[in-house]
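Okay, here's what each chain looks like letter by letter:
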2 protein chains.
Amino acid sequence: MNEKNIPDIVVSRLPRYLQVLKQLLDEGNATTSSNELGYCLGLTPAQIRKDLSMFGGFGKQGTGYNIPFLIDRLNEILHLDRQWLIALVGVGDLGHALARYQGFTGGRFRICLLFDREPSLIGNKVGELTIRDSKEMIPLIKDSGIQIAMITVPPDEAQDVASSLVKAGVRAILNYAPVVLRLPPKVQVQNIDPELKLEHMTFYLE
Amino acid sequence: MNEKNIPDIVVSRLPRYLQVLKQLLDEGNATTSSNELGYCLGLTPAQIRKDLSMFGGFGKQGTGYNIPFLIDRLNEILHLDRQWLIALVGVGDLGHALARYQGFTGGRFRICLLFDREPSLIGNKVGELTIRDSKEMIPLIKDSGIQIAMITVPPDEAQDVASSLVKAGVRAILNYAPVVLRLPPKVQVQNIDPELKLEHMTFYLE
């Protein structure tokens, strides 16, 4: 199957496969099975086999999946065999914490531009990065060729910031503001919202 | 349908319905349609109708869905008609930002206990809360009856912290550490991992 035709629901699971496979490798394993992967991911072994078969059958009956090979292939499919630069807009508590975060695996994601509109923040440093004026956002991002942005501004500013980012050429937005962004379909949006995750879990609590 | 039998994939969408409905209400709407909800959520109108019908048919042909009624009903289903207290473990940059965050809608989630094992942090205040020693975690959480915890410790500490939380009676964990936690199935776990979201989006970038 052509990679472009993979359903988004399957794509959404691939980063979790990658995470579990790296954890299994770190724990000293060289191979795994659809049973083990299913257990770790809360999916059925049949689902695992179906997902992975879309990329050309990585597993062999009886011997299981070769973990390093599968990791390499998933990295390639997800375009993680390179470094991605990120612009971050909104350097409050959360933006500050993200800008200082060094934990992205193998340095494959690197925040390299910070913006805020608050005069008292503009010009300040976070680690080695200087906070720039949000007014400079469009030209600076255009010049840099950056395709990914994180939004950590207050909810009522998020839509305007997102629209500006799209004008600047950004094609993927990780949105931390608790609002639903309305953007052209060509733009990828993922939301990080702890409240939604908590609300999912309280369904199961008494 | 009995609420306990709702598939988890449907439950996972309900908080997003709630978010979109509140946004539509804030924008001055009193009713909505499966078409509008589908557009906002990236789902088909048929999927919306199917999901909402599980809770007893909120919509009327031709007049659409009554937004305030639907919000009330979803709050009730998700057990959001009360306040939930939360314990947070790991008061680094991110934990600090979360502890200071006041944005949970209507105060329905409130972080009220902070823990860290770092001696230089124990006893410090974040807002009105004092950072406690992680060693006190199990008795303090047991006494409080808290059922929800957030984990913002380094990855290699997360599994031990999670196991202690379960011993303390916690039944729902929002995990910010980039590891897969292995816990009894009765415990709800949701993960917040920006790297997984970024990796999902890079699939679509060149």
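Everything numeric in this text was worked out from a predicted model, so none of it was measured.

Rules used in this analysis
Residues numbered from 1 in each chain as written. Chains lettered and ligands numbered in written order. Predicted model: local features only at pLDDT ≥ 70, side-chain atom pairs only at ≥ 80, totals over all residues. Heavy atoms only, no water. Phe/Tyr/Trp six-rings, centres within 6.5 Å; stacked < 30°, edge-to-face > 60°. Buried < 20%, exposed > 50% of the residue type's maximum accessible area, 1.4 Å probe, protein only. Least-squares fit on C-alpha atoms with pLDDT ≥ 70 in both. Contact = heavy atoms within 4.5 Å. Buried area = accessible area lost by both parts, 1.4 Å probe. Salt bridge = Lys/Arg side-chain N within 4 Å of Asp/Glu carboxyl O. Polar contact = N/O pair within 3.5 Å; in protein donor to acceptor, adjacent residues only side chain to side chain. Helix = DSSP H or I, 4+ residues; strand = E, 2+ residues; numbered from the N terminus. Nonpolar A, V, L, I, M, F, W, Y, C, P; charged D, E, K, R; others polar. Axes fitted to C-alpha atoms, helices over the stretch in contact; angles between N-to-C directions. Parallel < 35°, antiparallel > 145°, perpendicular 65-115°, else oblique. Pairing = 2+ DSSP bridges.

Caption draft 1: Focus on the packing of aromatic side chains. All names here are of chain A. Within the structure shown, the criterion is met by two aromatic pairs over all chains. Residues phenylalanine 203 and tyrosine 204 carry aromatic rings whose centres are separated by 4.9 Å and whose planes lie at 85° to one another, so their mutual orientation is edge-to-face. A residue is classified by how much of its surface remains accessible, and phenylalanine 203, at 2% relative accessible area, is buried.

Caption draft 2: Summary view of the relation of the copies chain A and chain B. By a simple turn and slide, chain A fits onto chain B: the slide is 0.0 Å along the axis, the RMSD is 0.0 Å, and the turn is 180°. Both chain copies can therefore be described as sitting about a two-fold axis. An overlap of 100% is found between the interface residues of chain A and their copies at the interface of chain B, pointing to a shared contact surface.

Caption draft 3: Layout of the interface of chain A and chain B. Contact with chain A, which involves 64 residues of that partner, is made by 64 residues of chain B. At the boundary of chain A with chain B, total buried surface from both sides reaches about 6,200 Å², with 61% on carbon and sulfur atoms. Linking chain A to chain B there are six salt bridges. Where B:Glu27 meets A:Arg182, a salt bridge forms, and the shortest distance between an N and an O atom there is 3.2 Å. Here chain A and chain B share 29 residue pairs in polar contact (both at pLDDT 80 or more) between them. For the side of chain A that touches chain B, the secondary-structure elements that each account for two or more residues are helix H1 (8-26), strand S3 (84-89), helix H5 (93-100), strand S7 (148-151), strand S8 (172-175), strand S9 (188-191) and helix H8 (194-202) of chain A. Per-element tally for the side of chain A that touches chain B: the top contributor is H1(A), with eleven residues. When its residues are assigned to classes, the side of chain A that touches chain B shows 35 nonpolar, twelve polar and 17 charged.

Caption draft 4: The arrangement of the packing of H5(A) against helix H5 (residues 93-100) of chain B in detail. Their axes nearest at 9 Å, the elements H5(A) and H5(B) cross at an angle of 170°. For the element pair H5(A) / H5(B), the angle class is roughly antiparallel. Mapping the contact onto sequence places A:Asp93, A:Leu94, A:Ala97 and A:Arg100 in H5(A) and B:Asp93, B:Leu94, B:Ala97 and B:Arg100 in H5(B). Per-class residue counts for the contact of H5(A) with H5(B) are four nonpolar, no polar and four charged.

Caption draft 5: Here's a closer look at the environment of B:Ile138. All names here are of chain B. Positionally, isoleucine 138 belongs in helix H6 (residues 137-144). Sequence-wise, isoleucine 138 and alanine 177 are 39 residues apart; in three dimensions their C-alpha atoms are separated by 20 Å. Sequence-distant contacts of isoleucine 138, defined by excluding residues within four places in its chain, comprise Ser164, Lys167 and Ala168.

Caption draft 6: Region of the structure containing the pairing of strand S6 (residues 129-133) of chain A. Residue and element names in this part refer to chain A. Sheet analysis places strand S4 (residues 109-116) next to S6, joined by three bridges and oriented parallel. Bridged to phenylalanine 115 within S6 is arginine 132. Sheet topology note: the strand S5 (residues 125-126)/S6 ladder contains two bridges and is antiparallel. Bridging from a neighbouring strand, valine 126 pairs with leucine 129 of S6. With antiparallel pairing between neighbouring strands as the criterion, S5 and S6 make up a hairpin whose turn holds two residues, including glycine 127 at a positive phi of roughly 60°.

Caption draft 7: How the structure looks around the pattern of salt bridges. Residues and elements named next belong to chain A. Using the criterion set out here, one finds 14 salt bridges over all chains in the structure. Ionic pairing is found between aspartate 51 and arginine 13, a salt bridge with its closest N-O pair at 2.7 Å. Placement of aspartate 51 in helix H3 (residues 45-53) and of arginine 13 in helix H1 is noted, with a sequence separation of 38 residues between them. In this structure arginine 13 comes out as buried when scored by relative accessible area, which is 15%.

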